Amino acid sequence: MSPGVVMSMSKATYEIRSEQRGGHWVAWVVKTPDGKPDRSILLVGQTREEAEQRARNWADGLVK
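Here is a short report on the structure shown in this document. (Residues numbered from 1 in each chain as written. Predicted model: local features only at pLDDT ≥ 70, side-chain atom pairs only at ≥ 80, totals over all residues. Heavy atoms only, no water.)

Here we come to the overall build of the protein. Helix and strand counts for the protein come out as 1 helix and 4 strands. Residues counted as buried form 33% of the 64 residues belonging to the protein. Element-wise, carbon and sulfur atoms account for 50% of the exposed surface of the protein, whose accessible area totals about 4,100 Å². (Helix = DSSP H or I, 4+ residues; strand = E, 2+ residues; numbered from the N terminus. Buried < 20%, exposed > 50% of the residue type's maximum accessible area, 1.4 Å probe, protein only. Areas by Shrake-Rupley, 256 points an atom, 1.4 Å probe, with all protein chains shown as cover.)

Written out as structure tokens, the structure is:
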């Protein structure tokens, strides 16, 4: 697992984490110290960058 970027928006702070699984990457949003995916959501991408961008977009949509 590699830590992603920590961002803060409004009153929420989150971290993006990602890892390679088979032939693709998954990324998730972490809002708690346990490191578990927020709402158990994993976002899939062909590359690490794609998966992490999808996770950021998902997180941004939640706080609006």
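Inspection of the secondary structure assignment puts E15 in strand β2 (residues 12-21). Exposure remark for E15: the relative accessible area of 17% places this residue in the buried category. Among the polar contacts listed, one links the side chain of E15 to the side chain of R17, at a separation of 3.4 Å. (Polar contact = N/O pair within 3.5 Å; in protein donor to acceptor, adjacent residues only side chain to side chain.)

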